[in-house]
Amino acid sequence: MGMYRLYGHAGWGSALIEAQLVWYQREFELVDTGNLFKDDAALSELRKLNPAGQVPVLVLPDGQVMTESAAITLWLAEAQGSDDLVPSPGAAERAQFLRWLLFIVANIYPAYTYMDAPERFVGVENARAGFADAVCDRAKGLYLALSGETAGPWFLGPRFSAIDIYICAMTHWLPGRPWFEENTPDLVAIADAARDIARFGDVWVRNYPKK
Ligand SMILES: N[C@@H](CCC(=O)N[C@@H](CS)C(=O)NCC(=O)O)C(=O)O
């Protein structure tokens, strides 16, 4: 089998896919895009692969380009013939897995597009901070909803899944670890436990040196 090529940046959404490739013990080349918010040339270059100008981008061994972390998550499980991270069709956890995976990428994840770079969306300079705060409040509400659905010890119950990988990565992002600790301790517990899984090697430390 050929090699995967993952475009990303330490700590960003590429960590979601990096963790899965490591889990599946697949060889991959990591291409650092740099900071897409600061480097316009890097952003234009990445847009040739992903029109949204975002990571993760995964080039498959046959040269096809894949984007969208949830699509990649589902595809990798199929390609591996594994239900380790994605409950198979017919599994009891399948419906809730799909529901909350899509909830995360369709509802929570876009908040970062807006709050990470409010200047792209709000022309009036002194309205930007308020806009970013409002988007962050929306994300907080959605994280609280996610937290309310946590079965424990993992999101879906006794069974680890890719949703726990999302929770691990995203609890290192805004609104910041202190907020997650105070408001969604169950998500933080999942993140800490995921970081301790030896099979992930140094993925978490590489992307998030500090909890
Ligand atoms: N829907 C996408 C979202 C990806 C995304 O928002 N990636 C962020 C990094 S965490 C990004 O590349 N942002 C750069 C930008 O928006 O310019 C997915 O699930 O893969």
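A quick note: this is a predicted structure, and the numbers were derived from the prediction, not measured.

## Details of the domain arrangement of the protein
Where interface size is quoted, it is often the accessible area lost as the parts come together. As assigned here, the protein comprises domain 1 (4-80) and domain 2 (94-202). The C-alpha centroid of domain 2 is placed 19 Å from the C-alpha centroid of domain 1. Taken together, the contacts link 19 residues of domain 1 with 19 residues of domain 2. Carbon and sulfur atoms make up 68% of the area that domain 1 and domain 2 hide from each other, which totals about 1,500 Å².

## What about the site of the ligand?
The environment of the ligand is made up of 13 residues, and the closest members are Gln54, Val55, Glu68, Ser69 and Arg120. Contact distances for the ligand include 2.7 Å between an oxygen atom and a side-chain N or O atom of serine 69. Computed on the free molecule, the ligand has an accessible area of 520 Å², of which 92% lies beneath the protein chains in the complex. Its residues placed into classes, the shell around the ligand shows seven nonpolar, four polar and two charged.

## Details of the packing of helix α3 (residues 69-80) against helix α4 (residues 94-115)
For any two helices packed against each other, the geometry comes down to the angle between their axes and how far apart the axes lie. Where α3 contacts α4, the two axes come as close as 10 Å, and the packing angle between them is 150°. Here α3 is positioned roughly antiparallel relative to α4, judged by the angle of their axes. Residues Ser69, Ala70 and Leu74 of α3 pack against Phe97, Leu98, Leu101, Val105 and Tyr109 of α4.

## Notes on the pattern of salt bridges
Within the structure shown, the criterion is met by eight salt bridges. When salt bridges that share partners are traced, they join Glu18, Asp202 and Arg206 into one network.

## As for the side chain of threonine 171
If you trace the backbone, threonine 171 turns up in the loop between α6 (162-170) and α7 (177-183). Taking the relative accessible area as the measure of exposure, threonine 171 reaches 4% and is therefore buried. In this structure the side chain of threonine 171 is engaged in a polar contact, spanning 2.8 Å, whose partner is the backbone oxygen of isoleucine 167. Ignoring sequence-local partners within four residues, the contact set of threonine 171 consists of Arg177, Phe180, Leu187 and Ala191.

## With respect to the pairing of strand β1 (residues 4-8)
As a general feature of sheets, a regular strand has side chains that alternate between the two faces. With four of five residues buried, β1 lies mostly within the body of the structure. Bridge count for β1 against strand β2 (residues 28-32) is five bridges, and the pairing is parallel. The residue bridging tyrosine 7 from the neighbouring strand is valine 31, located in β2. The β-α-β motif built from β1, the intervening helix α1 (residues 14-23) and the parallel element β2 has right-handed crossover chirality.

## Some points on unusual backbone geometry
Note the cis peptide between valine 55 and proline 56, where omega equals 10°. Across the junction of glycine 152 and proline 153, the peptide omega takes the value 0°, indicating a cis bond. Take proline 153: it is sitting in the loop between α5 (128-148) and α6. The backbone phi angle of glutamine 25 is positive, close to 55°, even though this residue is not glycine. One non-glycine residue with positive phi stands out, namely glutamate 68, at about 75°. Assignment of secondary structure puts glutamate 68 in the loop between β4 (65-67) and α3.

Rules and cut-offs
- Here the residue index of a chain counts from 1 through its sequence in written order.
- Restriction of local features to residues with pLDDT of at least 70 applies here, the model being predicted, together with a cutoff of 80 or more for giving and counting side-chain atom pairs; totals for whole chains, interfaces and linings are based on all residues.
- Note: side-chain values were computed over all heavy atoms of the structure, leaving out hydrogens and water.
- Boundary definitions for the domains trace back to an automatic or database domain assignment.
- Contacts: residue pairs with any heavy atoms within 4.5 Å of one another.
- Once two parts are joined, some of their accessible surface, as seen by a 1.4 Å probe, is lost; buried area is that loss totalled over both.
- Residue proximity to a molecule or strand is established when one non-hydrogen atom of the residue lies within 4 Å of it.
- Between N or O atoms, a polar contact is any pair within 3.5 Å; within protein, one atom must be a potential hydrogen donor and the other a potential acceptor, and residues adjacent in sequence are included only when both atoms are from side chains.
- Method for areas: the Shrake-Rupley scheme with a 1.4 Å probe, in which residue coverage is limited to the protein chains shown.
- Gly is placed with the polar residues, together with every amino acid not listed as nonpolar (Ala, Val, Leu, Ile, Met, Phe, Trp, Tyr, Cys and Pro) or charged (Asp, Glu, Lys and Arg).
- In this analysis an axis means a line fitted to C-alpha atoms, helices contributing only their contacting stretch, and an angle means the value between N-to-C directions, from 0 to 180 degrees.
- Helical segments are the DSSP runs of H or I of at least four residues, strand segments are the runs of E of at least two, and each set is numbered from the N terminus.
- Roughly parallel refers to an angle under 35 degrees, roughly antiparallel to one over 145, roughly perpendicular to one between 65 and 115, and oblique to any angle outside these ranges.
- Salt bridges, as used here, are contacts in which a Lys or Arg side-chain nitrogen is within 4 Å of a carboxyl oxygen on Asp or Glu.
- Exposure is judged per residue with a 1.4 Å probe applied to protein chains only, and the accessible area is read against the type maximum: over 50% gives exposed, under 20% gives buried, and values in between give partly exposed.
- A pair of strands counts as paired when DSSP detects no fewer than two bridges linking them.
- Crossovers are marked right-handed if the path from the first strand over the helix to the second runs clockwise, as seen with the strands pointing away from the viewer.

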